[in-house]
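# Structure at a glance
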Amino acid sequence: MIFLTALPLFWIMISASRGGHWGAWMPSSISAFEGTCVSIPCRFDFPDELRPAVVHGVWYFNSPYPKNYPPVVFKSRTQVVHESFQGRSRLLGDLGLRNCTLLLSNLSPELGGKYYFRGDLGGYNQYTFSEHSVLDIINTPNIMVPPEVVAGTEVEVSLLHFVPTREANGYRLGCQASFPNTTLQFEGYASLDVKYPPVIVEMNSSVEAIEGSHVSLLCGADSNPPPLLTWMRDGTVLREAVTESLSLELDEVTPAEDGVYACLAENAYGQDNRTVGLSVMYAPWKPTVNGTVVAVEGETVSILCSTQSNPDPILTIFKEKQILATVIYESELQLELPAVMPEDDGEYWCVAENQYGQRATAFNLSVEFAPVILLESHCAAARDTVQCLCVVKANPEPSVAFELPSRNVTMNETEREFVYSERSGLLLTSILTLRGQAQAPPRVICSSHNLYGTKSLELPFQGTHRLMWAKIGPVGAVVAFAILIAIVCYITQTRRKKNVTESPSFSAGDDPPVLFSSDFRISGVPEKYESERRLGSERRLLGLRGEPPELDLSYSHSDLGKRPTKDSYTLTEELAEYAEIRVK
């Protein structure tokens, strides 16, 4: 069997090219199986003015020039050929009709090569045509695969039409040629190189990572040719390479790296992309507080506490360990105080926490309000000293003044000889000290003022029974003293008589019980200590801080039991163990 697929086209070219010049037409290449035969179609022409009686021709092998003595394949004049072609070559065409078709049979590999035709019209009218045909002796069928086979596009391979897929890439196509009535059979194979666009076949699912840990994101794609893989985030290229698999390594991830990552795969035939979400888990950030920090009593206060964490935290606002507001799995918490009161003033805490940690922020709410004079404000007197305590609650800090209406006098903290003030939080404590008040104490009015208002209160006196002796006056004191001496002497004499009568064993050496004595001492206490005790007690009653002045005092002792008294300056409970009358 011979290959004649190019013959119809060849004869069309011949018929359309008849003219009056030297020229030849034949297939540039032709293939044939070893052991078979092949026909090389050939057509030649020469100028019309040449009218040869006989036309001869010669076929040469691998060279067109006779002087090179190439092997003769066929020669019409002498029928002398090269030994390799003896009995294997024959002219099929009629040279007179300008047909130079050659038949070669019993093909063997050494017959593969170039074949040239030379026209011989006699004399000098001989011409070797440059056109030639290349014969290829094959053992297997040649499967003609197009230079580019694209998946999804119809292709023709050696008269076979089909639409390849990406799965067909690398497959082998087989072709078998057999000749009827012979044992000749030939098989050939060719591998398909199917081009197709990328498809991402490997990708992380959503990734969760703790802040500071290592994260590896992997992207793999299938394509031909290999794709350009690119890792991107928010339009920024993080890494790219021409490869089938590309990883993105993130060391010590931070919350800033939380987000969506995209892998893009592309080649000349298309592209594909996929995304993966990275969730970075971390403890709450330090909460931030935005809102009112200074408010006037009665106003509405709105405070916003916010933070950032993953997962969202539990947010709580505390004041003095009391929960005021809380939300679960939210990043913001709003605290509403519809009408603030002075009790709302103070330090607050906003606490954010999740399973990865806890953070807190303290903030202060300052409530401004008019002064309030507390009920614990009062006056107290001891001997010739009067002390008045005025406790004011206000914000901002108020001014405090003491008014004595009967004397038309007003004193404030600028007069430090009389007024002492001290502030603690919202409380302002002012103390007025008046000395030399032998007569009944005056009325005292405490007034407090700030930019929100003024408050006044007449201060009540506490412990007025202590002023009994002072109110009696000097004359009354002498009379009372004389009466007391008489009563004591009477009782003493009566008891002595009774004891002598009822107790004959009583001796003069025994100490009788004493009801009155200016030399009274506590048993077992040194004289010096007793004196210091009396002076210390006197100093407390006077409210003096320095050494006590020289006083001419006489004491009358009566064991009336220990009765609680309150010192006017220190306001602390003490026990009075004696009563005293001061005689000027």
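Refer to the preceding data block for the structure.
The rules behind the values
- Residues numbered from 1 in each chain as written.
- Predicted model: local features only at pLDDT ≥ 70, side-chain atom pairs only at ≥ 80, totals over all residues.
- Heavy atoms only, no water.
- Helix = DSSP H or I, 4+ residues; strand = E, 2+ residues; numbered from the N terminus.
- Buried < 20%, exposed > 50% of the residue type's maximum accessible area, 1.4 Å probe, protein only.
- Contact = heavy atoms within 4.5 Å.
- Areas by Shrake-Rupley, 256 points an atom, 1.4 Å probe, with all protein chains shown as cover.
- Phe/Tyr/Trp six-rings, centres within 6.5 Å; stacked < 30°, edge-to-face > 60°.
- Lys NZ or Arg CZ within 6 Å of the ring centre and 35° of its normal.
- Polar contact = N/O pair within 3.5 Å; in protein donor to acceptor, adjacent residues only side chain to side chain.
- Pairing = 2+ DSSP bridges.
- Axes fitted to C-alpha atoms, helices over the stretch in contact; angles between N-to-C directions.

## Looking at the overall build of the protein chain
Helices and strands together make up the secondary structure of the protein chain, namely 3 helices and 44 strands. By residue count, 36% of the 584 residues in the protein chain fall in the buried class. In the protein chain, the proportion of contacts linking residues at least 24 apart, taken out of those at least 6 apart, comes to 60%. Counting only carbon and sulfur atoms, one obtains 53% of the accessible surface of the protein chain, whose full area is about 34,100 Å².

## Overview of the packing of aromatic side chains
Evaluation of the coordinates by the stated rule reveals 17 aromatic pairs. Consider the rings of Phe44 and Phe46, whose centres lie 6.3 Å apart with planes at 35°: the pair is tilted. The same class applies to Phe44 and to Phe46, which are both buried. Look at Phe179 and Phe186: their rings are 6.2 Å apart centre to centre, the planes differ by 90°, and that puts the pair in the edge-to-face class. Grouping residues by exposure puts Phe179 and Phe186 together as buried. Through pairs of rings, three or more aromatic residues link up here, namely Trp22, Phe44, Phe46, Trp59, Phe117, Tyr127 and Phe129. Its end group placed over the ring of Tyr189, Arg172 keeps NZ or CZ at 4.6 Å from the ring centre.

## Some points on the side chain of Asn310
Looking at the element boundaries, Asn310 is found in the loop between β26 (301-306) and β27 (314-319). Only 2.9 Å separates the side chain of Asn310 from the backbone oxygen of Val280, close enough to count as a polar contact. When residues no more than four places from it in sequence are discounted, the contact partners of Asn310 are Asp258, Ser279, Val280, Met281, Tyr282, Asn354 and Tyr356.

## Observations concerning the sheet that holds strand β22 (residues 259-267)
Across the sheet, 5 strands lie side by side as β17-β23-β22-β19-β20; this open sheet has mixed pairing. If you trace the sheet from one side to the other, it starts and ends with β17 (207-210) and β20 (236-242), each paired once. Put simply, the sheet's adjacent strands are angled 20° from each other on average, direction ignored.

## Some words on the sheet that holds strand β38 (residues 445-450)
Ordered in space as β35-β34-β38-β39, the 4 strands form an open sheet in which the pairing is antiparallel. The two strands at the open ends of the sheet, each matched to only one other strand, are β35 (409-412) and β39 (453-458). For this sheet, the mean angle separating the axes of adjacent strands, direction not counted, is 20°. Note that strand β34 (residues 399-404) and β35 share 4 bridges and pair antiparallel. Bridged to Phe402 within β35 is Met411.

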